[in-house]
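Working through the structure, step by step
As a plain string of letters, each chain reads:
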Amino acid sequence: MRNKIFVGLFCAFILLVMVSAPLNAALTHAGIVKTANVGNIIEVEKVYEEGSFGAPLFNAIEEGKRDVADIYTNYIPFYVGITSVAKSTEFALNRPFAAYLLEKGNELAVIAPPVEPDKPQDSGTGDTTAEPVPEEPKFTPVAKAEYLDDDVFYRYYKVSVQLEENGENEEFYARVPGKSQSELYDKMEIQAAKINDFASRVPEVNWYVFPVTCFEDSEVFKNLIPSESKHNIFTSFLDRLDDGIQYDYVRIDSYEDKLNKYYRTDHHWNVNGYTEGYNRIATMFKENYPDLEIMEPEIHTFDNEVKMYGSIDLALSDYSLYDIFAAAKFPLASHTVTRDSAISYGGTNTIEKSFFLYNNKLQNTEKSYNHYMQFYRISKKVVYPENNTGRNLLIIGDSYSPPLLEALASHFDNTYIRYVDNNFEMPEYKYEDLISEYGITDVLLLQISSRVYCDYFDDSLLNLY
Amino acid sequence: MVFAYLPFVFAFLPLFFLTYYAVGHFFGTKGKNVVLFLFSLVFYAWGEPIYIILMFYSTILDYVCGRMIEKGTEEGSVLKKRIFLTISLIGNLGLLSIFKYLGMILTSINSIPGVAIPIPEIIMPIGISFYTFQTMSYSIDVYRGKVKAQKNIINFGAYVAMFPQLIAGPVVRYETVAAELNQRKETLDDFAAGARRFIIGLGKKTLIANIMAQTADALFMHAPSSLGMLGSWVAIIAYTFQIFFDFSGYSDMAIGMGRMMGFHYLENFNYPYIARSVTDFWRRWHISMSTFFRDYIYIPLGGSRVSKPRWLLNIFIVWFATGLWHGASWNFVIWGLYFGLLLVIEKVFLLKLFEHSKVFSHILTLFFVVFGWVIFTQESVGGILEYTKAMFGAYGRFGTGDTNAVLLLQHSDVNTVFLIALAAAVIFSTPIAKKIKEKLTQKGNGELPTAAAVAYDVAVFAILFLCTVQLALGAYNPFIYFRF
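The following paragraphs examine the structure supplied in this document.

Reading the values: rules and limits
Residues numbered from 1 in each chain as written. Chains lettered and ligands numbered in written order. Predicted model: local features only at pLDDT ≥ 70, side-chain atom pairs only at ≥ 80, totals over all residues. Heavy atoms only, no water. Helix = DSSP H or I, 4+ residues; strand = E, 2+ residues; numbered from the N terminus. Contact = heavy atoms within 4.5 Å. Pairing = 2+ DSSP bridges. Axes fitted to C-alpha atoms, helices over the stretch in contact; angles between N-to-C directions. Buried < 20%, exposed > 50% of the residue type's maximum accessible area, 1.4 Å probe, protein only. Disulfide = S-S within 2.5 Å. Phe/Tyr/Trp six-rings, centres within 6.5 Å; stacked < 30°, edge-to-face > 60°. Lys NZ or Arg CZ within 6 Å of the ring centre and 35° of its normal.

A look at the environment of L41 of chain B
Residue and element names in this part refer to chain B. Assignment of secondary structure puts L41 in helix α1 (residues 6-47). Taking the C-alpha atoms as reference points, L41 and A394, separated by 353 residues in sequence, lie 51 Å from one another. Not counting chain neighbours up to four residues away, the residues in contact with L41 comprise I52, M55 and F56.

This is how it looks when you write it as structure tokens:
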């Protein structure tokens with residue numbers, strides 16, 4: 001009897017999943033049911049080179065295998081719920097021991113390598129003679145970090161903090177490059193030299209470097225998790241930039257700054273972050289072009305109804321935190337945008353269409369839908385035909401650039417954008433050729449800080465010159 | 001395909017058993033063997049379709065050789081028997097040499113100054129070490145007259161390709177399943193016992209070995225100098241449990257699935273980490289492989305019934321082969337010879353010393369085994385020495401790298417889940433659960449008391465559920481661009 005019941009239950013469970021997964025997939029594809037989608041990708045295990053023996057057949061087999069694996073992963077009933085609950089449980093279980101190890105590890109940590117004294121964190125050029133700024137007494141916030149997980153590139157922490165501003169407790173995620181400090185430091189030295197070298201080869205153009213600061217670059221973070229801090233490397237990089245290269249970055253001087261300017265569940269900057277970014281970049285432009293007028297954008301919060309589950313939620317499969325998405329609308333003159341069909345973060349709408357959809361609550365509400373990535377589109381060229389500035393801009397960007405492109409381009413006649421992102425097949429071109437071909441007068445490096453200061457993904461200066 | 005894979009558990013396996021029992025209902029054992037053979041080919045092709053040719057080659061070669069050897073026996077022609085045995089051995093060992101050892105051989109030759117032979121890129125076919133050994137044992141056993149040659153090529157193909165033990169053993173000798181290949185009967189009790197065993201094996205692999213592997217793999221990526229004493233010991237202990245629960249988990253799943261279709265494979269592990277000597281360890285670890293080497297190499301060489309120097313030579317030949325079987329790299333050979341040396345030392349005097357203290361013998365044996373895994377995991381002699389230095393404090397407690405070992409542990413998933421898995425690994429490396437079950441069974445007059453039986457089955461289902469969750473998590477891979 002015992003065996004009968006056991007076998008009955010065992011077979012029922014296995015057969016239930018066996019049948020329900022493909023059924024769920026079929027019904028989802030037919031639009032009859034809706035299956036939660038977290039963008040989980042099942043990749044083909046192998047790709048047989050074209051022209052090799054049996055390649056068409058073997059590639060078809062591989063795709064068939066991928067499809068089967070996709071059905072028996074993403075369409076297993078409650079897949080998203082199961083992974084999400086499992087991850088949350090795992091994090092909760094790990095919390096005490098993770099806290100112990102982090103504390104112990106930080107006690108033992110030696111912040112390596114030794115770096116040169118920090119330079120004052122102002123915008124400026126590579127001039128290193130500035131006077132040090134005396135430190136002011138600071139409020140010491142009650143903050144703690146909890147190690148959660150890692151992947152190929154990053155380690156993920158959850159930070160809990162009591163804010164100085166209002167005494168409220170807030171939580172957010174921090175995503176930190178996983179490579180060692182000495183490795184990053186070495187890469188930083190090479191990268192700074194490369195940028196200086198490139199700028200010196202094309203001295204007739206104005207050079208702007210705008211590494212989009214991440215939390216780990218800040219001094220606040222350095223006090224929170226010293227062993228993971230990139231502050232010294234970041235400041236050493238800025239120190240190394242030659243005179244004549246203008247640079248600036250978004251400030252994260254407090255937890256309030258972090259929460260105000262960046263998403264708590266996504267690694268990108270939010271509307272406040274990128275409008276500050278715009279302001280700082282435009283101010284750098286203005287130093288060379290005093291007639292330039294800096295715009296004041298209008299911020300749309302869409303009635304605070306657009307919940308965004310950011311990239312870190314997705315990476316951790318934990319949806320307990322979320323952000324409210326908002327977007328900035330700049331008062332732009334008429335212009336034309338040429339899209340980049342080779343690169344897409346998913347956004348297909350014009351900004352006007354995005355605003356229309358969101359204002360009318362017609363936006364996609366899937367948890368996996370990253371509003372930041374989808375709201376803006378990737379452009380290749382922006383032209384303001386009525387401008388007559390005689391200036392042309394080249395932006396070397398990545399996923400941090402799209403919200404700003406059209407606004408930054410409004411100060412130039414023609415703006416050309418090249419994305420550097422090894423998620424996509426990189427086109428073959430030389431920046432130096434682009435500069436002469438398009439009559440570029442200004443070059444802006446506008447990317448995530450780690451890509452700018454240490455070529456973290458080994459793609460930053462691909463084909464740079 | 002591997003067993004710890006959602007499409008295997010929820011698509012391949014149920015589809016196989018539905019077809020197997022449906023066809024078996026109408027066509028009996030022969031029909032079941034056809035289904036087993038065809039599904040095994042699909043299972044094998046899932047990993048590398050082209051290498052299915054090798055499976056056919058091995059099947060046909062040994063089927064023909066087996067028949068011809070038997071014919072030779074019937075005709076009284078020793079020459080014929082020897083010729084076909086030789087063809088079988090050369091055919092199988094040749095296959096192994098090309099697909100497993102050619103790279104190693106050429107790399108070794110290229111280390112001679114002035115020699116630079118191009119090394120072809122050959123991907124090793126999955127399970128080649130297992131199925132070539134199985135088919136060789138078949139030919140040898142037919143030659144020795146221990147078994148009759150299989151007349152039905154589908155039955156023989158089902159034996160060679162049988163998916164439960166195809167990729168990670170155990171090495172199932174033909175004599176073990178010969179009778180069941182021709183005629184077998186499945187029972188509900190066998191199916192239930194097999195399913196329980198399969199789930200327990202899946203649990204060992206998914207809930208213990210994979211968690212240990214995450215940590216071990218992550219830590220092994222760092223230089224021993226960065227790991228220090230703490231990191232190097234944690235890594236090798238994690239690996240010690242990973243390899244046992246991975247391997248024995250696969251064996252459990254194989255034995256379980258075999259039983260679900262009416263085959264009764266022999267046990268492959270018997271709590272090796274409770275061994276009180278290295279000799280004892282090798283009686284408990286990968287039993288099907290050790291007995292294979294004993295029966296097909298050591299004993300034919302004369303075993304211990306020869307002169308002392310010859311006996312020593314025999315031992316080292318066997319352990320050289322054992323090491324080489326585990327991998328095409330010189331560290332595996334060193335690993336094999338290391339155990340050969342330990343066995344000689346034990347036989348000469350250490351076993352006598354071990355008799356005086358069970359605790360001492362157990363601790364020392366465990367140390368020998370764990371250190372063996374250091375040799376097993378380090379690809380060069382330099383690596384072995386560096387790692388050994390780290391274990392014994394040459395790089396301090398926390399290492400001398402950029403990041404101290406405590407943080408390395410954190411970044412290598414040493415967390416509460418790891419500690420729970422480690423505790424489970426320690427407990428289930430011993431026969432505690434087995435002994436409790438035996439005691440309860442004795443109390444229940446040969447059967448588990450109802451409450452215990454229900455609790456046991458609930459636990460088994462909980463393992464299946466947790467494995468499903470763990471496999472689902474393992475397959476979680478959100479679109480990578482979000483990470484940039």
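Examining the sheet that holds strand β2 (residues 154-162) of chain A
All names here are of chain A. Judged by pairing direction, the sheet is antiparallel, and its three strands sit side by side in the order β1-β2-β3 without closing on themselves. With one partner strand each, in any of the chains shown, β1 (142-150) and β3 (169-177) form the two edges of the open sheet. Here the average twist between neighbouring strands, direction ignored, is 25 degrees. The strands touched by helix α3 (residues 79-108) within the sheet are β1 and β2, with β1 carrying the most contacts at an inclination of about 120 degrees.

Quick look at the side chain of S40 of chain B
Residues and elements named next belong to chain B. By secondary structure assignment, the location of S40 is in helix α1. The exposure class of S40 is buried, given its relative accessible area of 0%. Not counting residues within four places of it along the chain, the set of residues in contact with S40 comprises A161, M162 and F163.

Thoughts on the sheet that holds strand β11 (residues 379-383) of chain A
Residues and elements named next belong to chain A. Pairing in this open sheet of seven strands is mixed, and the strands run β5-β4-β14-β12-β13-β11-β10 from one edge to the other. In this open sheet, the two strands that pair with only one neighbour each are β5 (245-247) and β10 (336-339). Mean inter-strand twist for the sheet, computed between neighbouring axes without regard to direction, equals 15 degrees. Where strand β4 (residues 206-212) meets strand β14 (residues 442-448), seven bridges bridge the pair, whose relative direction is parallel. Opposite V212, over in β14, you have I448 as the bridge partner.

As for unusual backbone geometry
A negative phi holds for most residues other than glycine; trans holds for most peptide bonds. All names here are of chain A. A positive phi angle, close to 55 degrees, is found at F302, a residue other than glycine. Structurally, the position occupied by F302 is in the loop between β6 (298-300) and β7 (307-308). Phi is positive for D455, which is not a glycine, with a value near 50 degrees. The topology assignment puts D455 in the segment after α14 (449-454).

A look at the state of the cysteines
This model, assessed by the stated rule, comprises zero disulfides over all chains. Here C214 of chain A stays unpaired: no disulfide links it, and the sulfur of C454 of chain A, its closest cysteine neighbor, is 11 Å away.

Focus: helix α6 (residues 174-182) of chain B
Because an α-helix completes one turn every 3.6 residues, residues spaced three or four positions apart along the sequence face the same direction. Listed in full, the buried residues belonging to α6 of chain B are Y174, V177, A178, E180 and L181 of chain B. Elements in contact with the buried residues of α6 of chain B: α1, α4 (128-144) and α5 (153-161) of chain B.

Quick notes on the packing of aromatic side chains
All names here are of chain B. The full count for this structure, using the stated rule, is 112 aromatic pairs over all chains. On the basis of an interplanar angle of 70 degrees and a centroid distance of 4.9 Å, the ring pair of F244 and F245 is categorised as edge-to-face. Each member of the pair, F244 as well as F245, is classed as buried. On the basis of an interplanar angle of 55 degrees and a centroid distance of 5.3 Å, the ring pair of F244 and Y273 is categorised as tilted. With F244 in helix α8 (residues 224-260) and Y273 in the loop between α8 and α9 (278-284), the pair connects residues that are 29 residues apart, well separated along the chain. Sitting over the ring of W325, K100 keeps its end group 5.5 Å from the ring centre.

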